[in-house]
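The chain contents come next:
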2 protein chains.
Amino acid sequence: MIEFWYEFGSTYSYPAAMRVERLAAEAGVVVEWRPFLLGPLMHAQQGLTDSPFNAFPIKGEYMWRDLQRVCDQEGLPLVHPSQFPRNGLLAARVAICGLEDGWTPAFSRAVYQANFVEDQDISRPEVLAPLIASVGAGPDEILALAATESIKSRLKDHVRQAQERGLFGAPSFVTADGELFWGNDRLEQALAWAVRHQDSEQA
Amino acid sequence: MIEFWYEFGSTYSYPAAMRVERLAAEAGVVVEWRPFLLGPLMHAQQGLTDSPFNAFPIKGEYMWRDLQRVCDQEGLPLVHPSQFPRNGLLAARVAICGLEDGWTPAFSRAVYQANFVEDQDISRPEVLAPLIASVGAGPDEILALAATESIKSRLKDHVRQAQERGLFGAPSFVTADGELFWGNDRLEQALAWAVRHQDSEQA
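If you're wondering where the values come from, they're calculated on a predicted model, not measured in any experiment.

S.K.: I'd like a description of the packing of helix α1 (residues 13-27) of chain B against helix α6 (residues 104-116) of chain B, backed by residues and values.
M.R.: Residue and element names in this part refer to chain B. In contact at an axis separation of 9 Å, α1 and α6 are set at 145 degrees when each is read in the N-to-C sense. For the element pair α1 and α6, the recorded crossing hand is left-handed. Of the residues in α6, those touching α1 at Y14, A17, M18 and E21 are P105, S108, R109, Y112 and F116. For the contact of α1 with α6, the class distribution of residues is six nonpolar, one polar and two charged.

What follows is the structure in structure tokens.
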């Protein structure tokens with residue numbers, strides 16, 4: 001088992017979301033999708049009120065170039081969004097709604113596609129509605145559910161759990177024995193760790 | 001050709017310095033060692049007066065764990081230095097002194113060994129003297145040379161060049177066609193890029 005912690009506004013979470021199920025299946029590892037919000041952590045830990053890639057333009061310029069190379073290598077399309085970062089709050093709540101029925105992974109990939117390929121504003125319900133429909137759920141019902149205290153509370157729980165695990169960025173991976181890996185470029189190592197330490201999972 | 005930009009206080013520069021010549025030789029790429037100082041860049045770009053790994057402890061805690069995993073995978077010993085980051089100014093000046101005679105790589109690896117394995121204070125001339133001797137140079141002569149305006153000026157040139165290339169962290173790699181790669185974990189990609197774009201180098 002591996003926990004995949006991701007934020008819909010996060011650039012490197014995009015290739016991670018597109019890669020994680022394939023690589024995990026090859027390794028024989030089950031993925032638990034954990035949508036969360038990075039903003040509260042970055043504010044609490046580093047005092048940031050914007051993405052560090054905006055706050056420090058020289059890091060942002062490099063990030064977009066590096067992300068382009070990463071996506072090129074994976075054969076993933078990438079269009080620099082006209083707005084960055086986009087607010088992933090509603091999308092994260094919707095993603096929580098799909099955890100029991102199992103459509104969270106497909107919905108999440110669709111949201112990344114909308115944000116980083118089709119340059120759509122994923123904070124808007126009318127953008128998310130067709131993505132919800134595309135995974136076989138009912139947009140009206142799910143958007144209403146996403147607005148309930150129960151779902152809001154579950155997302156808050158995810159943010160709290162992320163803090164407890166020592167997360168400070170996205171994507172992050174946590175293995176059953178609590179080992180933390182940060183970044184799309186650590187996915188392979190995280191999976192290898194999960195395979196090597198499966199005993200502790202069964203204990 | 002690939003430029004290898006490194007800072008002696010930088011943790012991830014340690015495994016990069018230990019790996020770069022072997023991997024570059026396998027790829028048929030020549031390495032140009034470029035010692036520089038990261039502090040002035042981090043201050044100018046992000047307002048930092050200390051390592052971000054100290055300024056933001058949650059990132060520091062992760063970094064040391066991740067570095068341990070990286071070193072374990074490479075079979076490199078690692079001892080958490082009792083002081084971090086150590087001042088690499090004098091070591092960088094000495095490293096500049098060795099560029100013409102070709103002992104900069106061996107000396108630089110020795111400095112990383114002193115800092116990150118033997119927990120020695122690499123800011124002190126008496127620590128650097130035996131390292132200079134170990135690469136076949138004269139410690140008294142080189143330490144005197146390192147204190148000259150000529151060498152100080154060359155290190156300042158390196159820092160200026162690093163800024164011009166868009167660097168913001170260490171280690172970094174720059175190919176002949178100006179492509180920037182940041183981080184020990186980008187070394188393989190930087191070398192692959194250098195091999196694929198050798199035409200532009202000859203142009």
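S.K.: Explain the sheet that holds strand β2 (residues 31-35) of chain A to me, and be specific about the residues and the numbers.
M.R.: Sheet strands pair via backbone hydrogen bonds, and the direction of the pair is either parallel or antiparallel. Residues and elements named next belong to chain A. Sheet architecture is open: four strands sit in the order β2-β1-β3-β4, paired in mixed fashion. Two strands close off the open sheet at either side, each with one partner strand: β2 and β4 (180-182). Each strand axis lies, on average, 20 degrees off the axis of its neighbour in the sheet, ignoring direction. Note that strand β1 (residues 2-6) and strand β3 (residues 172-175) share four bridges and pair antiparallel. What sits directly across from F4, in β3, is F173. Across the face of the sheet, helix α10 (residues 187-196) comes into contact with β1, β3 and β4 while running at roughly 5 degrees to β3.

S.K.: Now, about the interface of chain B and chain A: what can you tell me, with residues and values included?
M.R.: In this complex, chain B contributes 14 residues to the contact, which on the side of chain A involves 14 residues. Elements with a contribution of two residues or more to the side of chain B that touches chain A: α2 (39-46), α4 (57-74) and β4 (180-182) of chain B. When residues in the side of chain B that touches chain A are grouped by element, the largest group, five residues, is from α4 of chain B. Its residues placed into classes, the side of chain B that touches chain A shows six nonpolar, four polar and four charged.

S.K.: If you had to explain the relation of the copies chain B and chain A to someone new, which residues and values would you point to?
M.R.: Note on the identical chains: chain B maps onto chain A by a rotation of 180 degrees and an axial translation of 0.0 Å, with an RMSD of 0.0 Å. With respect to symmetry, the two chain copies, as superposed, fit the operation of a two-fold axis. It is D185 of chain B whose C-alpha, among those of chain B, lies nearest the rotation axis, at 4.0 Å. Of the residues that chain B buries at the interface, 100% are likewise interface residues in chain A, meaning the two copies contact each other through the same surface.

S.K.: Before we move on, could you go through helix α10 (residues 187-196) of chain B and cite the residues and values that matter?
M.R.: For α10 of chain B, every residue scored as buried is listed here: L187, A190, L191 and A194 of chain B. The buried residues of α10 of chain B all sit within an arc of 95 degrees when viewed along its axis, so they share a single face.

S.K.: Describe the sheet that holds strand β1 (residues 2-6) of chain B, naming the residues involved and giving the relevant values.
M.R.: All names here are of chain B. The strand order across the open sheet formed by four strands is β2-β1-β3-β4, and the pairing between neighbours is mixed. Two strands in the sheet have a free side with no partner beyond their single neighbour: β2 (31-35) and β4. Ignoring which end each strand starts from, the neighbouring axes of this sheet average 20 degrees apart. Here five bridges tie β1 to β2, and the two strands are oriented parallel to one another. When the bridges of β2 are listed, E3 appears paired with E32. In the packing of α1 onto the sheet, contacts are made with β1 and β2, and the angle to β1 comes to roughly 165 degrees.

S.K.: Quick rundown of helix α6 (residues 104-116) of chain A? Include the residues and the values.
M.R.: All names here are of chain A. With 13 residues, α6 ought to run about 18 Å at 1.5 Å a step, and its terminal C-alpha atoms sit 18 Å apart, in line with that. Here α6 has its buried residues at T104, F107, S108, A110, V111, Y112, A114, N115 and F116. Against β1, α1 (13-27), β2, α5 (89-97) and α7 (125-134) lie the buried residues of α6.

S.K.: Lay out the pairing of β1 of chain B in plain terms, naming residues and giving numbers.
M.R.: Counting buried positions over the five residues of β1 of chain B gives five, a clear majority of the element. Read from β1 of chain B through α1 of chain B to β2 of chain B, the crossover connection turns out right-handed.

S.K.: So what's going on with the nonpolar core? Which residues, and what values?
M.R.: Counting residues in hydrophobic clusters, the biggest one holds 56 residues, and the most contacted among them are I2, W5, A91, V94, F107, V111 and A190 of chain A. Apart from residues lying up to four places away in sequence, A190 of chain A is in contact with I2, F173, T175 and F181 of chain A. Counting 55 residues, the second-largest nonpolar core is a separate cluster that includes W5, A24, W103 and I132 of chain B.

S.K.: Describe the environment of A92 of chain A, and please don't skip the residues or the numbers.
M.R.: Residues and elements named next belong to chain A. Along the polypeptide, A92 turns up in helix α5. For A92, a count of 26 C-beta atoms within 10 Å puts it in the buried group. The sequence separation of A92 and F8 amounts to 84 residues, and the corresponding C-alpha distance is 7.1 Å. Filtering out sequence-adjacent residues up to four positions away, A92 remains in contact with F8, P35, F36, L37 and L155.

S.K.: I'd like a rundown of the confidence of the model for chain A, residues and numbers included.
M.R.: Of the residues in chain A, 98% reach a pLDDT of 70 or more, and the chain-wide mean stands at 96. The ipTM, which scores confidence in the relative placement of chains, is 0.93 for this predicted complex, and the corresponding pTM is 0.94.

S.K.: Describe the environment of A55 of chain A, naming the residues involved and giving the relevant values.
M.R.: Its place among the elements puts A55 of chain A in helix α3 (residues 52-55). Residue contacts for A55 of chain A: discarding those within four places in its chain leaves L48 and D50 of chain A.

Rules behind the numbers
Starting from 1, residues in each chain are numbered consecutively following that chain's sequence as written. Numbering of ligands from 1 and lettering of chains from A proceed in the order in which they are written. At least 70 in pLDDT is required for a residue's local features to be given in this predicted model, at least 80 for side-chain atom pairs to be given and counted, and no such filter applies to totals for whole chains, interfaces and linings, which use all residues. Each axis is a line fitted through C-alpha atoms, taken for helices only over the stretch in contact, and angles between the N-to-C directions span 0 to 180 degrees. Going along the chain from the N terminus, every DSSP run of H or I of four or more residues is numbered as a helix, and every run of E of two or more is numbered as a strand. Take the far helix as your reference; a near helix turned counterclockwise from it by less than a right angle gives a left-handed crossing, and one turned clockwise gives a right-handed crossing. The contact rule is simple: place each C-beta atom from the backbone, and if two of them lie within 7 Å, those residues are in contact. By the convention adopted, Pro, Cys, Tyr, Trp, Phe, Met, Ile, Leu, Val and Ala count as nonpolar, Lys, Arg, Asp and Glu as charged, and the other residues, Gly among them, as polar. Here, any two strands with at least 2 DSSP bridges between them count as paired. Least squares is used to superpose the copies, and the fit set is the C-alpha atoms of residues whose pLDDT is at least 70 in both copies. Residues are called buried when their C-beta atom has 20 or more other C-beta atoms within 10 Å, exposed when it has 12 or fewer, and partly exposed otherwise; all C-beta atoms are positioned from the backbone. It is the directions from the helix axis to the C-beta atoms whose arc is reported. Here a helix's expected span is defined as the number of its residues, less one, multiplied by 1.5 Å. A right-handed crossover is one whose linking path, passing over the helix from the first strand to the second, runs clockwise when the strands point away from the viewer. By definition, a nonpolar core groups buried Ala, Val, Leu, Ile, Met, Phe, Trp, Tyr and Cys residues that are joined through C-beta atoms within 7 Å. In predicted models, pLDDT denotes the confidence assigned by the predictor to each residue on a 0 to 100 scale.

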